[in-house]
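# A structural walkthrough
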Amino acid sequence: MCIKREIPLGHFQARSQQLPALPPRALSTGLAPKEEPEASVPAAMLRRQLLAWPAWLFRGPPGPRGACALGAEGRPVGPLARRGCCSAPGTPEVPLTRERYPVRRLPFSTVSEQDLAAFERIVPGGVVTDPEALQAPNVDWMRTLRGSSKVLLRPRTSEEVSHILRHCHERNLAVNPQGGNTGMVGGSVPVFDEIILSTARMNQILSFHSVSGILVCQAGCVLEELSRYVEERDFIMPLDLGAKGSCHIGGNVATNAGGLRFLRYGSLRGTVLGLEVVLANGTILDCLTSLRKDNTGYDLKQLFIGSEGTLGVITAVSILCPPKPRAVNVAFLGCPGFAEVLQTFSTCKGMLGEILSAFEFMDAVCMQLVGRHLHLASPVQESAFYVLIETSGSNAGHDAEKLGSFLEHALGSGLVTDGTMATDQTKVKMLWALRERITEALSRDGYVYKYDLSLPLERLYDIVTDVRARLGPHAKHVVGYGHLGDGNLHLNVTAEAFSASLLGALEPHVYEWTARQQGSVSAEHGVGFRKRDVLGYSKPPEALQLMQQLKALLDPKGILNPYKMLPSQA
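Residues numbered from 1 in each chain as written. Predicted model: local features only at pLDDT ≥ 70, side-chain atom pairs only at ≥ 80, totals over all residues. Heavy atoms only, no water.

As recorded in an unreviewed UniProt entry, the chain goes by the name D-2-hydroxyglutarate dehydrogenase, mitochondrial, listed as coming from Rhinopithecus bieti. Taken from UniProt, the Subcellular location (unreviewed entry) comment for the chain reads in full: "Mitochondrion". As stated in UniProt under Sequence similarities (unreviewed entry), the record for the chain gives "Belongs to the FAD-binding oxidoreductase/transferase type 4 family." (UniProt positions renumbered as here; feature names shortened; annotations may be inferred.)

### Side note on the sheet that holds strand 12 (residues 356-363)
What the seven strands build is an open sheet, ordered 14-11-13-12-16-17-15; its pairing is antiparallel. Every other strand in the sheet has two partners, leaving strand 14 (418-422) and strand 15 (447-454) as the edge strands with one partner each. The average undirected angle you get between the axes of adjacent strands in this sheet is 15 degrees. One ladder, built from seven bridges, connects strand 16 (residues 477-483) with strand 17 (residues 488-495); its direction is antiparallel. (Pairing = 2+ DSSP bridges. Helix = DSSP H or I, 4+ residues; strand = E, 2+ residues; numbered from the N terminus. Axes fitted to C-alpha atoms, helices over the stretch in contact; angles between N-to-C directions.)

### Focus: unusual backbone geometry
A cis amide bond links glutamate 507 to the next residue, proline 508, at an omega of 10 degrees. Considering the arrangement of structural elements, one finds proline 508 in the loop between helix 16 (500-506) and helix 17 (509-516). Its identity is not glycine, yet histidine 375 carries a phi of approximately 60 degrees, on the positive side. Here histidine 375 lies in the loop between helix 11 (364-374) and strand 13 (385-393). Look at histidine 375 and you get partly exposed, because its relative accessible area is 25%. Positive phi values are uncommon outside glycine, yet glutamine 518 reaches one of about 60 degrees. On the secondary structure map, glutamine 518 appears in the loop between helix 17 and helix 18 (541-554). (Buried < 20%, exposed > 50% of the residue type's maximum accessible area, 1.4 Å probe, protein only.)

### As for the packing of helix 10 (residues 338-352) against helix 12 (residues 396-412)
Remark: helix 10 packs on helix 12, axes separated minimally by 10 Å, with the N-to-C direction vectors making an angle of 145 degrees. In this structure, helix 10 crosses over helix 12, and the sense of that crossing is right-handed. Facing Thr344, Thr347, Cys348, Met351 and Leu352 of helix 10, the residues of helix 12 in contact are Lys402, Leu403, Ser405, Phe406 and His409. By residue class, the composition of the contact of helix 10 with helix 12 is five nonpolar, four polar and one charged. (Left-handed = near helix turned anticlockwise from the far one by under 90°. Contact = heavy atoms within 4.5 Å. Nonpolar A, V, L, I, M, F, W, Y, C, P; charged D, E, K, R; others polar.)

### A look at the environment of leucine 303
Along the chain, the position of leucine 303 falls in helix 9 (residues 301-304). For leucine 303, a relative accessible area of 31% gives the class partly exposed. Considered as a pair, leucine 303 and alanine 254 are 49 residues apart in the sequence and their alpha carbons are 9.8 Å apart. Contacts of leucine 303, omitting those with residues within four sequence positions, involve Leu311, Leu550 and Leu554.

### Some remarks on the sheet that holds strand 3 (residues 152-153)
Overall, mixed pairing links the four strands, which are arranged 2-3-5-4 in an open sheet. Every other strand in the sheet has two partners, leaving strand 2 (127-128) and strand 4 (175-178) as the edge strands with one partner each. With two bridges connecting them, strand 2 and strand 3 associate as antiparallel partners. Opposite valine 128, over in strand 3, you have leucine 152 as the bridge partner. Across the face of the sheet, helix 4 (residues 158-171) comes into contact with strand 3, strand 4 and strand 5 (195-198) while running at roughly 165 degrees to strand 5.

### What to know about the pairing of strand 7 (residues 214-218)
In regular strands, side chains alternate between the two faces of the sheet. Extensive coverage of strand 7 is indicated by the burial of five of its five residues. Where burial is concerned, the two faces of strand 7 agree: the one with Ile214, Val216 and Gln218 and the one with Leu215 and Cys217 are both buried. The sheet contact formed by strand 6 (residues 204-208) and strand 7 spans three bridges and is antiparallel. Among the inter-strand pairings, serine 207 is bridged to a residue of strand 7, identified as valine 216. Here strand 6 folds back onto strand 7, and the loop between the two strands holds five residues, one of which, glycine 213, carries a positive phi near 80 degrees. Bridge analysis of strand 7 against strand 10 (residues 313-320) gives five bridges, and the strand direction is antiparallel. Its bridge partner lying in strand 10, glutamine 218 is registered against alanine 316.

Put into structure tokens, the structure is as follows:
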């Protein structure tokens, strides 16, 4: 039987891993001498030798790492994470959203002294009104949106959330649910003066079953701390994100986050077993089941997965955790063209089968920016494209043999021009850093226009080529990278500063191009404030109408996360 207990996540705080700052070496200065691969694969199996690790491959970003470290996808983590401490000196203040975008405040009430007194009774010591303390939660991670909320509430229980929402519903006060505030589409920050409802103090693990691997926890648990907890018990979380050091599991579920393990374990729609949700009127909907199979009526939890806090506030999650793999291998390869990347993926699926857990790709410009801004150097020869392949299994010898056979075939057939592989966890993390820190490198290159698209595999990179030609010298860099195994492209354009004309050249062109391929304008980042008016490129009018009807049914006053998800015409 699963034993219920409450465990403060502070019991297993994140331990930072410091890497020595080694002398920088430019990407173009050559490669280390070739040696045998780190994994125990017979040399005869490889038509050519794979590169060993250069000692200078990994070097941390300049400056002290303790003050404001950056997560793997470039998101700041730590006590100063959301104060912009990692921005370049002299970074201008983020403009107010209401001044930058054509959005009109809906007729909600404003917070009164009586409201503050009521909140203090509901969450004693959990009412924040200090303007300085409110600066960070009012600004999104991209530092392009800023609300003007004057109140932040920090409940600890679903009952407190219920009392808060009941009061707000009666008073017609708008509420902005917020987890780790690592979103990239402006879904987690207020647009005007909405009350910020933070789940940061809802950080208890309620139960974990050591046989089934089912974890039940509050919504404010940080993903990385949950990962550490279950890994100590020989399980892993079914999702892994670059923002894992600061994102909350409730926010992950509310945005249906994808991430690096999607290829192997699928989406949260399959691994989340149950939810506890507080509705707009304060009703607590307890669907926190831990059953793998429950075919009784509508699967209500699916309404809230991916709803971005517009239908209810997720307060607890029941999630299925897979067993921890006993053997993990990573290969980092260079490919001469995108056609070879696709063929490598097809071959990879056929030869690696059940042990394939990730297939990521990045173009040459990504690698150049990672080298220039973060001093991470490529372990393989310069190529037009790079792929990162991860295998996870239960038998190290079996997995290494399969991966070695695949690499022999890929090298011999010309699909891959160079490569390296690792089984040691330190080196595995270093290889992953080349992919995961692309976002950080881009943020240091200038203002970034970001697009998160789902496209047919055969057309995945065509839009990068199209946009590069369309913008010409007006853009600093146009890059493409992402989760090839999921058909998910991250198209990023950098410029010296924000430019309305450049934005006009990108939008709606990118969305129209995506719609012509029957793709999605948001693969995993969600809709939020930024993409609410482009849903029509991916959803028919009938679907949008039904979404609006569901919103009106569950939140008739529209107080939950207004100005998000649904088109502004709604």
